[in-house]
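# Close look at the chain arrangement
Residues per chain, in single letters:
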Amino acid sequence: MKKVLILGSGFAGIQAAIELQKQNKFEVTVISDRDYMYIYPISIWVPVQMIEFENVKVPLTDIQKKYPFNIIIDSVKEIHTFEQSVICEKQTLYYDYLIVAFGAEKMKHKGIENTLSICGKPEIAVSIRNQLTELIEQGHGKIAIGFGGNPKDKSDLVTKYRLCIFAEKKL
Ligand SMILES: Cc1cc2nc3c(=O)[nH]c(=O)nc-3n(C[C@H](O)[C@H](O)[C@H](O)COP(=O)(O)OP(=O)(O)OC[C@H]3O[C@@H](n4cnc5c(N)ncnc54)[C@H](O)[C@@H]3O)c2cc1C
């Protein structure tokens with residue numbers, strides 16, 4: 001069987017794995033640095049304590065029970081297309097077909113080093129929750145929540161809505 005390596009276990013990687021596994025024509029392997037699929041859309045409720053962080057995660061082994069693809073938990077470091085290999089922290093893997101489904105990691109532009117974004121790594125949702133809790137315990141503070149914009153984009157929408165998150169104690 002031809003080997004398919006899928007890099008990433010978000011919606012894209014897991015859906016690709018399910019569809020290919022159902023065809024029963026490939027040996028499908030998902031490589032991810034997380035052992036769970038993170039459901040970003042419901043993660044917005046973590047900071048306001050409407051859902052527990054653990055309940056936003058779907059363990060990959062649960063999905064694997066229904067769709068028995070291989071799972072490797074490792075961090076991808078390099079992709080070598082001529083050799084058809086992927087170098088991970090712990091091992092090197094070879095493929096016939098490769099699907100890159102890493103998602104979009106936020107760049108940390110200068111000036112936003114101290115902000116927390118719900119669009120970042122899953123654990124950041126917990127950090128936001130902790131900071132909000134501290135603020136509540138403090139009894140006062142300021143919070144501004146909004147969208148970050150690209151400073152090079154001159155459109156009205158972006159300049160109007162360029163906001164950050166501040167907690168008074170951090171200022
Ligand atoms: C707060 C929030 C709310 C959202 N709400 C909605 C919504 O309501 N509806 C909607 O359609 N979309 C929503 N989205 C967007 C949606 O969640 C994303 O489009 C989707 O998660 C992208 O899926 P993905 O598989 O491409 O990437 P991701 O979900 O980011 O997955 C990337 C995967 O790659 C892995 N990975 C990354 N780098 C490496 C590496 N070097 N080695 C190994 N593994 C690696 C990660 O561990 C992860 O498993 C929301 C996003 C956010 C942040």
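Structure shown above.
Residues numbered from 1 in each chain as written. Predicted model: local features only at pLDDT ≥ 70, side-chain atom pairs only at ≥ 80, totals over all residues. Heavy atoms only, no water.

### Overview of helix H1 (residues 11–23)
Think of an α-helix as turning once every 3.6 residues; residues three or four places apart then point the same way. Between its first and last C-alpha atoms H1 spans 19 Å; for 13 residues at 1.5 Å apiece the expected length is 18 Å, and the two agree. Burial in H1 covers these residues: Gly 13, Ile 14, Ala 16, Ala 17, Ile 18, Leu 20 and Gln 21. Of the surrounding elements, those touching the buried residues of H1 are strand S1 (2–7), strand S2 (26–32), strand S3 (36–38), helix H3 (60–66) and strand S9 (97–100). After H1 finishes, the residue Asn 24 shows a positive phi value of roughly 60 degrees. (Helix = DSSP H or I, 4+ residues; strand = E, 2+ residues; numbered from the N terminus. Expected span 1.5 Å × (residues − 1). Buried < 20%, exposed > 50% of the residue type's maximum accessible area, 1.4 Å probe, protein only. Contact = heavy atoms within 4.5 Å.)

### Points about the sheet that holds strand S6 (residues 76–80)
By way of backbone hydrogen bonds, the strands of a sheet pair with one another, either parallel or antiparallel. The sheet built from three strands is open, its strands ordered S6-S7-S8 with antiparallel pairing. Two strands close off the open sheet at either side, each with one partner strand: S6 and strand S8 (92–94). In this sheet, adjacent strand axes meet at a mean angle of 20 degrees when their direction is disregarded. With three bridges connecting them, strand S7 (residues 85–88) and S8 associate as antiparallel partners. (Pairing = 2+ DSSP bridges. Axes fitted to C-alpha atoms, helices over the stretch in contact; angles between N-to-C directions.)

### Quick word on the sheet that holds S1
Strands sit in the order S5-S2-S1-S9 across an open sheet of four strands; the sheet is parallel. Of all the strands in the sheet, just strand S5 (70–73) and S9 have a single pairing partner and so form its edges. Across this sheet, the average inter-strand angle for adjacent strands is 20 degrees, counted without regard to direction. Relative to S9, S1 runs parallel, the two sharing four bridges. Bridging across to S9, Leu 5 finds its partner in Leu 98. On top of the sheet, H1 reaches S1, S2 and S9; it is set at about 165 degrees to S2, its chief contact.

### Observations regarding the pairing of S2
Extensive coverage of S2 is indicated by the burial of five of its seven residues. Relative to S2, S1 runs parallel, the two being bridged by six bridges. By the bridge assignment for S2, Ile 6 is matched with Val 30. Note on the crossover from S1 through H1 to S2: the handedness is right-handed. Across four bridges, the pairing between S2 and S5 is parallel. Counterpart to Ile 31 in the pairing with S5 is Ile 72. (Right-handed = clockwise from strand over helix to strand, strands pointing away.)

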